[in-house]
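# Per-entry structural report
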Amino acid sequence: MFELFSGLHAWVAISLVLALAFVLAFEFINGFHDTANAVATVIYTKAMPPHLAVFFSGIFNFLGVLLGGVGVAYAIVHLLPVELLINVNTGHGLAMVFSLLAAAITWNLGTWYFGIPASSSHTLIGSILGVGVTNALLTGIPMSEGVNWQKAIDIGLSLIFSPLAGFAVAGLLLLALKRWRPLSKMHKTPEQRREVDAKKHPPFWNRLMLVLSAMGMSFVHGSNDGQKGIGLIMLVLIGIVPAKFVLDLDSTTYQIERTRDAAIHLGQFYERQGDNLKDFLAEVPGNRDLPQEFRCAPHMTVPTLQALLADLEGITDYRAMSDDHRQQVRRYLLCLDDTAKKVSKLPVLTARDRDDLSRLRKDLTSTTEYAPFWVIIAVALALGIGTMVGWRRVVLTVGEKIGRQGMTYAQGVSAQVTAVAAIGMANVFALPVSTTHVLSSGVAGTMVANRSGLQGSTVRNILMAWVLTLPASMALSAGLFWLAHLFL
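Residues numbered from 1 in each chain as written. Predicted model: local features only at pLDDT ≥ 70, side-chain atom pairs only at ≥ 80, totals over all residues. Heavy atoms only, no water.

## Side note on the pattern of salt bridges
On inspection of all chains with the given rule, the structure shows 8 salt bridges. Here Arg258 makes a salt bridge to Asp363, at a shortest N to O gap of 3.5 Å. One end of the pair, Arg258, is in helix α13 (residues 253-272); the other, Asp363, is in helix α17 (residues 351-364), and 105 residues separate them in sequence. Overall, Arg258 belongs to the partly exposed group, its relative accessible area being 28%. Between Arg359 and Asp355 there is a salt bridge, with the nearest N and O atoms lying 3.1 Å from each other. Taken as a pair, Arg359 and Asp355 lie in helix α17 at a separation of 4 residues, close to a single helical turn. (Salt bridge = Lys/Arg side-chain N within 4 Å of Asp/Glu carboxyl O. Helix = DSSP H or I, 4+ residues; strand = E, 2+ residues; numbered from the N terminus. Buried < 20%, exposed > 50% of the residue type's maximum accessible area, 1.4 Å probe, protein only.)

## Brief notes about the confidence of the model for the chain
On average, residues of the chain score 81 in pLDDT, and 85% of them reach the 70 mark or higher. Mean pLDDT values over the elements of the chain span from 56, in helix α19 (residues 392-401), up to 92, in α13. Considering only residues more than four positions removed or in separate chains, one finds that residues 284-288, a stretch of pLDDT under 50, has 7 contacts. Confidence over residues 290-294 falls short of pLDDT 50; this stretch has 13 contacts with residues more than four positions distant or in other chains. (pLDDT = per-residue confidence, 0-100. Contact = heavy atoms within 4.5 Å.)

## With respect to helix α11 (residues 204-240)
Here α11 contains 37 residues, and its C-alpha end-to-end distance of 53 Å stays within 8% of the 54 Å for a straight helix at 1.5 Å per residue. The axis of α11 is deflected most strongly, by about 25 degrees, at Gly222. Where burial is concerned, most of α11 is hidden: 28 out of the 37 residues are buried. (Expected span 1.5 Å × (residues − 1). Bend = angle between axes of the 7 residues up to and from the residue.)

## Quick word on the packing of α11 against helix α18 (residues 373-387)
Running from N to C, α11 and α18 cross one another at 125 degrees; their axes reach a closest spacing of 9 Å. Relative to α18, the element α11 is oriented oblique. Once α11 is placed against α18, the crossing between them reads as right-handed. On α18, the residues touching His221, Gly222, Gly226, Gly229, Ile230, Ile233 and Leu237 of α11 are Trp374, Val375, Ile376, Val379 and Leu383. (Axes fitted to C-alpha atoms, helices over the stretch in contact; angles between N-to-C directions. Parallel < 35°, antiparallel > 145°, perpendicular 65-115°, else oblique. Left-handed = near helix turned anticlockwise from the far one by under 90°.)

## Considerations on the nonpolar core
The nonpolar side chains of soluble globular proteins are, as a tendency, buried together. Counting residues in hydrophobic clusters, the biggest one holds 80 residues, and the most contacted among them are Leu237, Leu266 and Tyr270. In terms of residue count, the dominant contributor to this core is α11 (9 residues). Both domains that furnish three or more residues to this core are identified here as domain 1 (1-242 + 371-484) and domain 2 (251-363). Residues within four places of Tyr270 in sequence aside, it is in contact with Leu277, Leu281, Thr301, Leu305, Thr339, Ala340 and Val343. In this structure, Val54, Met186, Tyr409 and Ala410 belong to the second largest nonpolar core, which totals 17 residues. (Core = buried A, V, L, I, M, F, W, Y, C linked by side-chain atoms within 4.5 Å. Domains from an automatic or database assignment.)

## Quick notes on helix α15 (residues 301-312)
Between its first and last C-alpha, α15 extends 16 Å over 12 residues, near the 16 Å set by a 1.5 Å rise per residue. Here α15 has its buried residues at Thr301, Pro303, Thr304, Leu305, Ala307, Leu308 and Leu312. Elements in contact with the buried residues of α15: α13 and α16 (323-344). Count one or two residues on from α15 and you reach Gly314, which has phi positive near 75 degrees.

## Focus: the side chain of Ser127
In this fold, Ser127 is placed in helix α7 (residues 120-139). Taking relative accessible area as the criterion, Ser127 reaches 0% and is therefore assigned buried. A distance of 3.4 Å separates a polar side-chain atom of Ser127 from the backbone oxygen of Leu100. (Polar contact = N/O pair within 3.5 Å; in protein donor to acceptor, adjacent residues only side chain to side chain.)

## Concerning the packing of α13 against α16
Here α13 crosses α16 at 40 degrees, and the two axes come no closer than 12 Å. Classed by the angle they form, the pair α13 and α16 counts as oblique. Handedness of the crossing formed by α13 with α16: left-handed. Here α13 contributes Thr259, Leu266 and Tyr270 to the contact with α16, which in turn contributes Leu333, Leu336, Thr339, Ala340 and Val343.

## With respect to the packing of aromatic side chains
A complete count under the given rule lists 4 aromatic pairs for this structure. A ring pair is formed by Phe22 and Phe98, whose centres lie 5.3 Å apart and whose planes are at 90 degrees; its orientation type is edge-to-face. Placement of the pair is Phe22 in helix α1 (residues 10-34) and Phe98 in helix α6 (residues 90-113), with a sequence separation of 76 residues. Using a relative accessible area of 22% as the deciding quantity, one classes Phe98 as partly exposed. Judged by centre distance (6.0 Å) and plane angle (65 degrees), the ring pair of Phe269 and Tyr270 falls under edge-to-face. Looking at Phe269, the relative accessible area reads 1%, which means it is buried. On the accessibility criterion, Tyr270 (8% relative accessible area) is buried. Of note, Arg181 hangs over the ring of Trp180, and the distance from its end group to the ring centre comes to 5.4 Å. (Phe/Tyr/Trp six-rings, centres within 6.5 Å; stacked < 30°, edge-to-face > 60°. Lys NZ or Arg CZ within 6 Å of the ring centre and 35° of its normal.)

Right, here's the structure in full:
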């Protein structure tokens, strides 16, 4: 880890430390801001003492980050257009990273202070979009290319529909439980349980389900939200010290050969599809030279493939390459992946062709989409420790302020099981979702299904945070990035 500071100017090293501290601070805040939702029901229903619930939630968040992979991390990274990712320099990278992190942290702290279950995912994505749009305005890039809008739409749809699905599924699950066991004690609130049964804790099986679903939710939260922190740190490292992190220096000879083979097979794929892709990949006559800084364009695909294969010829260890050489290889790989992604959306391809292209893209980017182990550990620790701090405000909101009456044990189980399933599915498809909104909408769905009614003021605040978080964080990061750009 510490070798990344070798050879850096003092101001770059200080900036790097500050940027990493900002990311870890964001994850720490995410821990007590979002993870409070994971333990809200189990604490409110007295299924676990608060200190134990928070401690074990922190442990499972840690494990979720550790075992979750990097699919969601790079879904976040690739919200930025590929041209910005390949041509970023140290000054530009610093401005980009500090702007989006400062905006995300500011909004997260503000909503946490008022006990509003706002979404860290919305906040982070809005901040990234704000930087991308502002960069397009400042550099003259068309607005359609300033952000990876297709990726933004995919993520936006997951953020919109996951709470709606949480609301409906949790409500239906509660209705199923009421139909199955209408007289069960699981339909009591903690207050009713104490007054009628003179018991402090839920019945055994309800308690077990509440605990297991809370820990499951902590795990999937760690694997989803923790990856966002991993993606941010990789943005920091690639933006500030690109020479050391543009490619995975620990890649084995086999992995490098697999990348080279993917490039060869990609060229063969394009040859086979020559008639179908001739218009899309048509070369511009006399324009086969690749400038040092270039914008990815489909018509440059063939010369980019040739340049990549020439650069990887005889390479068995990325450390044997010069810094500039590694950065150039990364540019080629990202551009080829970007073009392949666009090709995969063309209607002329069959489902089998798209599957082949997807496998080639995975092999092509296996040494660019990675995270060092120390990055994963650092994010896991920040998220896990943050879980153990500041959870009380959001627990009270989720337990008592969404519905007109307290939450029953069955409602807690229904909301948590639904949230675990929704976030787990999002992890499978590498889509970031909001733990906050999935759970709070699930609780709201159970309140409606239970005919308890909703507290208008709390629901209004949650909806306002849902609607305002994206534009507010976009505006904050855009303003900060514009100010930073004035001093570049």
